[in-house]
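Below are the chains, spelled out letter by letter.
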Amino acid sequence: MSVEATSSPRIGADGQGRRLESWKEIAAYLGRDVTSVRRWEKREGLPVHRLYHSKLGSVYAHTTELDAWAQSRNLRAGQDNGSNAASPNPAAPPSRSAISTSLTDLTKWKLVLPLVAAGLALAIGASVWFQRTEYFWRNPIADARFQTVTEFDGVEQAAAVSRDGHFVAFLSDRDGQMDVWVTQIGSGQFHNLTRGSAPELVNPSIRTLGFSPDSSFVTFWVRKQGGSSGGDISIWAVPTLGGQPRPYLEGVAEFDWSRDGSRLVYHTPGPGDPLLVSDGSRRSEERPIFTAPAGLHCHFPLWAPDTAFIYFVQGSLPDKLDIWRITPAGGTPERITSHHGRVSHPVLLDRRTLMYLASDPDGSGPWLYSVDVERRIPHRLTSGLDRYTSLAASADGRRLVVAFASPKRTLWRLRIADSPAEVSPAARIPLTTSTGFSPRLGPNYLLYVSATGTSESIWKAANGTSTELWSGQGARVFGGPAISRDGKYVAFSVRQRGQTLLYVMQADGTNARIVTDSLDLQGAPAWAPDGQSITSAADDHGVPHLFRVPVDGRSPALFVQEYSVDPAWAPNGRFVVYSGPDIGTRFSVKAITAEAAPHPLPALTLTRGARHLAFLSGGRALVLLRGEIQHKNLWVIDLETGAERQLTNLTPDFDIRDFDISPDGREVVLERVQERADVALLDLPRP
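Throughout what follows, the structure given in this document is the object of discussion. Note that the coordinates shown come from a computational prediction; the quantities given were computed from them, not determined experimentally.

1. So, the overall build of the protein
Alright, step 1. Counting its regular elements, the protein contains four helices and 48 strands.
Alright, step 2. Going through the 687 residues of the protein one by one, you find that 52% of them count as buried.

See below:
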């Protein structure tokens, strides 16, 4: 017997809403697929009715019942759509109003999504900008504790700290001559370790002091007096607790031990400062891992904490230098900084934080700088009037020792007789300005350079009065002014706003004009005797060469093919003398004719810091500085016979940096440098 289905109206009169006649209609009403609806009926009690006749698959449902079921289950729209897995909390089928709301939300998202994408792009851009500018960079010495080590009269410089941070060594003239001193931090006691036994210790271009890995010895750079070759330079050592100095590394100019004391990097004073690596001692058979190009230097070798790299300073002395690094196996060096200035004394606080000394583009400083060796954005850490002369660090990078100085530059005058014993004492020249340097004598007047803040100016002293001839905002005058032979014109080189400019003006300061801005000038300019051109050195592919610069505006022309700086013309205009490259601490003096042919000179080798040369009237004799790096006297050399005569006999504390002499050789003006210098500690907090 068959059971007949009872008929049901499509719209119920009992409030059951509209009747849905199939799985397809039910699924469409709920906004789901048939599979999901069937699963909800079986597992979640979805109110679906069946018709009992031969068509066993016939079903129907009332919309009001479906809505009530959905509200009772309180499910999220869209959950479990098309999934065959059982759900502990299946999604509720949405009502028509919910579907309408979803469509409205979708429209909103289409508008919002582009804004969200733009916001994400801005966030990513900001993040990249913060990283590139190191917005969150932090000064590594911001929380350092500052402590002065030396506060006695005299000069203290070239400070070094032992690896364990317990001892500080430095150079000082406290006992009259420059010696190696040491103190144990916190003891308040200072000990002279060399007591005059080391004749020449000062060389600001390198790290002159250090310690052995176990701190039992203080090491120091030394140059034999009267030495003329690189073989006269060596590293000596003296026991930290006192004793007899002895050789430590023969023929080595600088060195550094790896942190575990097993490897040594060093350079010799040969051309290009060849850089070598060994396992604990100097060996003559070692091959250099790097040698600087001709005329350049390679100083301050430094092991990275993990020995992956060796850092060093490379460039042209004294103020065209930067920090580079190379692997211990050699290869092509990698540049770390781009100051192209006076850069020295690098130390690593950790694998990435490099500190060093560097001058600013305007020539001021040097100051303390820091850079992350991966990002390579330099940060100046200090300001003020003091300039820093050395920097060293303990092995853990937590204790730094610095030497800082306040230089004072003054001008002095003295009369010269036929014998040094008859020379009158030098008398200080009273100046309107607080400082004076780079003096030059003209007919009945004196030119000099003075500094105020970050700017320098040229002054003229005549008839008891001083007058400012030229000044420039942020300008630095380098090499000193040059006076034409007739005394009517002045030429001078200036570094200003990242450029080097060669100026010419009349001797009263009028009609100043730039004659060239196309050369990277170096050193001092010199007037050709005919007054039609100026000779000056300029950087040419990393090496300085002499150029002729016409004063009528024509283009400069290369004059000397080899390394050449600081020219001085013979009064008759037949030849010009100039300085060659530094090798070790010395350089040679050469000459070339006006036609660019070699001109013979007596063999002449001078010490660093003596590049300025001056002719006496007639051009047969040359006046120059000779002596140690920080103490020299004036000598005159007959260029035909080679005979030499000492003109001055200055006290050891009289440090001459520049000079000029009258044509008759009877009067000289001197630039004297005096420094108040001290040593200080910076203790960094533990990370």
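2. A closer look at the sheet that holds strand 32 (residues 489–496)
Alright, step 1. With antiparallel pairing, four strands are arranged side by side in an open sheet as 31-32-33-34. In this open sheet, the two edge strands, each paired with only one partner strand, are strand 31 (476–483) and strand 34 (513–516). Sheet twist, expressed as the average angle between the axes of neighbouring strands with direction ignored, equals 30 degrees.
Alright, step 2. Note: strand 33 (residues 499–506) against strand 34, three bridges, orientation antiparallel. By the bridge assignment, Tyr503 is partnered in strand 34 with Ile514.

3. Examining the packing of helix 1 (residues 23–30) against helix 2 (residues 34–43)
Alright, step 1. Two elements in contact, helix 1 and helix 2, have axes separated by 9 Å at closest approach and are oriented at 95 degrees. If you check the angle between helix 1 and helix 2, you find them roughly perpendicular. Of helix 2, the residues touching helix 1 (which contributes Trp23, Lys24, Ile26, Ala27 and Leu30) are Val34, Val37, Arg38, Trp40 and Glu41.
Alright, step 2. Split by residue class, the contact of helix 1 with helix 2 holds seven nonpolar, no polar and three charged.

4. Notes on the pairing of strand 32
Alright, step 1. A large share of strand 32 lies buried, amounting to seven of its eight residues.
Alright, step 2. Across five bridges, the pairing between strand 31 and strand 32 is antiparallel. Bridge pairing links Arg476 to Arg495 in strand 32.
Alright, step 3. Strand direction decides the pairing type here: strand 32 and strand 33, joined by eight bridges, are antiparallel. When the sheet's bridge partners are listed, Val494 is paired in strand 33 with Leu501.
Alright, step 4. Counting the residues between successive antiparallel strands, the hairpin from strand 32 to strand 33 contains two residues, one of them, Arg497, with a positive phi of roughly 50 degrees.

5. A word on the packing of aromatic side chains
Alright, step 1. One pass over the structure, following the stated rule, counts 14 aromatic pairs.
Alright, step 2. A centroid spacing of 5.9 Å and a plane angle of 20 degrees characterise the contact between Tyr356 and Tyr369, whose relative ring orientation is stacked. With Tyr356 in strand 21 (residues 353–358) and Tyr369 in strand 22 (residues 367–372), this pair connects stretches of sequence that are 13 residues apart. Taken as a pair, Tyr356 and Tyr369 share a single burial class, namely buried.
Alright, step 3. Between Phe492 and Tyr503 the ring centres are 5.2 Å apart and the planes differ by 0 degrees, which places this aromatic pair in the stacked class. Of this pair, Phe492 sits in strand 32 while Tyr503 sits in strand 33, and the two are 11 residues apart along the sequence. Comparing Phe492 with Tyr503 shows no difference in burial state: the two are buried.

6. A short note on the pattern of salt bridges
Oppositely charged side chains can form a pair if their charged atoms are brought close together.
Alright, step 1. Using the criterion set out here, one finds 24 salt bridges in the structure.
Alright, step 2. Residues Glu374 and Arg325 are paired through a salt bridge, measuring 4.0 Å at the closest nitrogen-oxygen approach. One end of the pair, Glu374, is in the loop between strand 22 and strand 23 (379–380); the other, Arg325, is in strand 18 (residues 320–327), with 49 residues separating them in the sequence.
Alright, step 3. The exposure class of Glu374 is partly exposed, given its relative accessible area of 41%.
Alright, step 4. Residue classification places Arg325 among the buried positions, given a relative accessible area of 6%.
Alright, step 5. The closest approach of N and O atoms between Arg611 and Asp582, which form a salt bridge, is 2.6 Å. Separated by 29 residues along the polypeptide, Arg611 in the loop between strand 42 (605–607) and strand 43 (614–615) and Asp582 in the loop between strand 40 (575–579) and strand 41 (586–593) bring together distant segments of the chain.
Alright, step 6. The exposure class of Arg611 is buried, given its relative accessible area of 18%.
Alright, step 7. Relative accessible area serves as the criterion here: at 8%, Asp582 is assigned to the buried category.
Alright, step 8. One continuous salt-bridge network, built from bridges that share partners, spans Arg325, Glu334, Glu374 and Arg376.

Basis of the calculations
Residues numbered from 1 in each chain as written. Predicted model: local features only at pLDDT ≥ 70, side-chain atom pairs only at ≥ 80, totals over all residues. Heavy atoms only, no water. Helix = DSSP H or I, 4+ residues; strand = E, 2+ residues; numbered from the N terminus. Buried < 20%, exposed > 50% of the residue type's maximum accessible area, 1.4 Å probe, protein only. Pairing = 2+ DSSP bridges. Axes fitted to C-alpha atoms, helices over the stretch in contact; angles between N-to-C directions. Parallel < 35°, antiparallel > 145°, perpendicular 65-115°, else oblique. Contact = heavy atoms within 4.5 Å. Nonpolar A, V, L, I, M, F, W, Y, C, P; charged D, E, K, R; others polar. Phe/Tyr/Trp six-rings, centres within 6.5 Å; stacked < 30°, edge-to-face > 60°. Salt bridge = Lys/Arg side-chain N within 4 Å of Asp/Glu carboxyl O.

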